[in-house]
Every structure is written in structure tokens, then in C-alpha cells.
Amino acid sequence: MQPRSTYAIRFNDCDPFNHLNNSRYFDYLLNAREDHLKDFHKFNLGDYIKRGLGWVVGSHEISYVRPASYNEIVSVQTSLIKATQEHLCVEMIMMDEPSTHLKAVLWTKFIGINMKTGKKENHSTEFMTFAEPLIDTNINFSAGLSERVKLIAGLLRDQKLAGDNVRQPL
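Residues numbered from 1 in each chain as written. Predicted model: local features only at pLDDT ≥ 70, side-chain atom pairs only at ≥ 80, totals over all residues. Heavy atoms only, no water.

A. A look at the sheet that holds strand β3 (residues 73-83). If you trace the five strands from one edge of the open sheet to the other, you get β1-β3-β4-β5-β2, paired in antiparallel fashion. This sheet does not close on itself; its edge strands, each paired only once, are β1 (4-8) and β2 (53-64). Taking the axes of each pair of neighbouring strands and ignoring which way they run, one obtains an average angle of 25 degrees across the sheet. Docked against the sheet, helix α4 (residues 145-162) engages β2, β4 (87-96) and β5 (102-114), running at close to 140 degrees with respect to β5. (Pairing = 2+ DSSP bridges. Helix = DSSP H or I, 4+ residues; strand = E, 2+ residues; numbered from the N terminus. Axes fitted to C-alpha atoms, helices over the stretch in contact; angles between N-to-C directions. Contact = heavy atoms within 4.5 Å.)

Now the structure itself:
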């Protein structure tokens, strides 16, 4: 089971229609990933930064499926879906609190950097030893984000039709 947590959508993060502003999805999703690293994997980004290691975003690919609204409680699940010496790819999924309606799916590519030089730096063997067991091998990264969104939507629809009260892993 992948890490999951809930967050309340704040008023100042919403547009005039009381929907979460498109750019603010990134903040909620990335903050959730940082929380999950610390709380579920005992991985403190600050410790790596002190050692001169960090990550920058190389790219984001997001699919907005359904709006998140002011004061709504959303559930965020995050997963490492690819790890190489050059980069990491993390999937972040936002749903409603009971995890029955998909809000958004974000795939972010993180590139390792040396904080002192600001230059790209490959992941160490130590880091790869930590990261490899965390990769969610059930996610078909090569199929792409669009197919992943269709798969998640289909799983949620099937659970609803089956009347499942227990949410199945995505």
C-alpha cells in the first residue's frame, strides 16, 4: 500500500469559482510527497540538503480530472514509479476523502543535483539501494500518464459498481 494522507483545500488556494487553482495542485501534491517521505519512509530531505544533495523538477505532467473545491478534504497518495541514477519519477494522485472520485494525477521527474555546484549529479549507490525497493512495480510507467489515468478511473468505477466499501490499491 502506498502512502496516503488527507488535506483540507484552503480558501486562499482557490479561484473565483471556489475550485483549487490549477497551479496550487502542485503545492498540495508535492507537499504530500515530502510528508510521505518523512512519515512513511523516514527520509528527511533536510538531511540530504545538509550533505549537499538535492533534487530539482525536470518536468511535470498532470491530468486534471475533477475539480477540488474550497474546504473539501482530499486524499493524496504518492508513489515512486521510476528510479535511475539520473532521475526519479514520482506519481501523485489526488482524490476525494473516501477515495471514490479522482481529482488529478501528477507525474514529476526529479533530477539529482549537487547543491554546492548546482550541477546535475547521479544518484549514489547508497541512495539507489534505498530507492529501488520503494518503486511501485505495479504501475506501467511506459504506458504513459493518459493510460494510467484511464486505468485509475476504471478501477474506481469498478469498485463503485461492485459496491466495495474497502478501497483497492491503485
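B. Representation of unusual backbone geometry. The phi dihedral of Lys42 falls on the positive side, at around 55 degrees, and the residue is not glycine. By the secondary structure assignment, Lys42 is in the loop between α1 (22-41) and α2 (45-50). Phi is positive for Ser99, which is not a glycine, with a value near 60 degrees. Here Ser99 shows up in the loop between β4 and β5. The exposure class assigned to Ser99 is buried, which follows from its relative accessible area of 4%. (Buried < 20%, exposed > 50% of the residue type's maximum accessible area, 1.4 Å probe, protein only.)

C. Structural view of the packing of aromatic side chains. Inspection of every chain in the model, using the stated rule, returns 11 aromatic pairs. The interplanar angle of 50 degrees and the centroid separation of 5.8 Å between the aromatic rings of Tyr48 and Trp55 together place this pair among those described as tilted. Judged by relative accessible area, which is 22%, Trp55 ranks as partly exposed. Cation over ring: Arg51 sits above Tyr48, and NZ or CZ is 4.7 Å from the ring centre. (Phe/Tyr/Trp six-rings, centres within 6.5 Å; stacked < 30°, edge-to-face > 60°. Lys NZ or Arg CZ within 6 Å of the ring centre and 35° of its normal.)

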